[in-house]
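# Fold and geometry: a report
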Amino acid sequence: MEMKRKVLGYITKGEEPNWELLVFKHKNMPDEGFQVPGGSIENDELIIDALYREIEEETGIPRNELVLKGKVNKTNYYPENKDTVYERTVFHLNYIGSPRTEWEHLVISDGEDNGMIYCHQFIPVDDLPKLAANQDQSILLL
């Protein structure tokens, strides 16, 4: 079984317990469901650099608009119909940039999501829909 190392970012705004979480959908594939920013850690890349790189690629939010609150969890995810395990390290970050509620972002990357448009929004944690690919499995640890 192949192992792929991944990072996920739970980006919140507001004050606990009234946090809102940043989620997105693919503009042209909304049936894939809501997701949080994240992706693969490149060879020889520091995990924290992968986290900030993936967030900026997928959301347009630069590192200086985020405050790292800490590591939330490390889990394994076994996607259906794949002989792969994703080792996911989940981080909590606080958004401190200019006010945003909803926006679209064109992904420019070397990855398979290059050219995709993601529709972002902040949703109160208490009202979160189920996230795709079990990405919400660590929400209760925030």
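Our subject is the structure that appears above.
Residues numbered from 1 in each chain as written. Predicted model: local features only at pLDDT ≥ 70, side-chain atom pairs only at ≥ 80, totals over all residues. Heavy atoms only, no water.

Another point: the nonpolar core. Counting residues in hydrophobic clusters, the biggest one holds 15 residues, and the most contacted among them are Ile11, Ile55, Ile61, Leu66 and Leu93. Listing elements by their share of this core, those giving two or more residues are strand S1 (2–13), helix H1 (47–59) and strand S5 (84–95). With four residues, the top contributor of residues to this core is H1. Every residue in contact with isoleucine 55, bar those within four places of it in the chain, is listed here: Ile11, Pro37, Gly60, Ile61, Leu66 and Leu93. Membership of the second largest hydrophobic core comes to 14 residues, among which are Trp19, Leu21, Val36 and Val125. (Core = buried A, V, L, I, M, F, W, Y, C linked by side-chain atoms within 4.5 Å. Buried < 20%, exposed > 50% of the residue type's maximum accessible area, 1.4 Å probe, protein only. Helix = DSSP H or I, 4+ residues; strand = E, 2+ residues; numbered from the N terminus. Contact = heavy atoms within 4.5 Å.)

Moving on to the environment of glutamine 121. Position of glutamine 121 among the secondary structure elements: in strand S7 (residues 117–124). For the pair glutamine 121 and phenylalanine 34, spaced 87 residues apart in the sequence, the C-alpha separation amounts to 9.9 Å. Setting aside chain neighbours within four positions, we find glutamine 121 in contact with Leu21, Leu22, Val23, Phe34, Thr101 and Glu102.

Right, let's talk about the pattern of salt bridges for a bit. Enumeration according to the criterion identifies nine salt bridges in this entry. Two residues, glutamate 54 and arginine 53, come together in a salt bridge whose shortest N-O distance is 3.1 Å. Of the residues examined, arginine 53 reaches a relative accessible area of 21% and is grouped as partly exposed. Here the salt bridges do not stand alone but share partners, grouping Glu42, Glu45, Arg53, Glu54 and Glu57 into one network. (Salt bridge = Lys/Arg side-chain N within 4 Å of Asp/Glu carboxyl O.)

Under the definition given, this model contains four aromatic pairs. Pairing phenylalanine 24 with tyrosine 118 gives two aromatic rings, centres 4.3 Å apart and planes at 25°, and the pair type is stacked. Taken together, the residues phenylalanine 24 in strand S2 (residues 20–26) and tyrosine 118 in strand S7 connect sequence positions 94 residues apart. Here phenylalanine 24 falls in the buried class, since its relative accessible area comes to 1%. Judged by relative accessible area, which is 3%, tyrosine 118 ranks as buried. Between tryptophan 103 and phenylalanine 122 the ring centres are 6.1 Å apart and the planes differ by 45°, which places this aromatic pair in the tilted class. Taken as a pair, tryptophan 103 in strand S6 (residues 102–106) and phenylalanine 122 in strand S7 lie far apart in primary sequence, 19 residues in all. A single burial state applies to tryptophan 103 and to phenylalanine 122, both of which are buried. (Phe/Tyr/Trp six-rings, centres within 6.5 Å; stacked < 30°, edge-to-face > 60°.)

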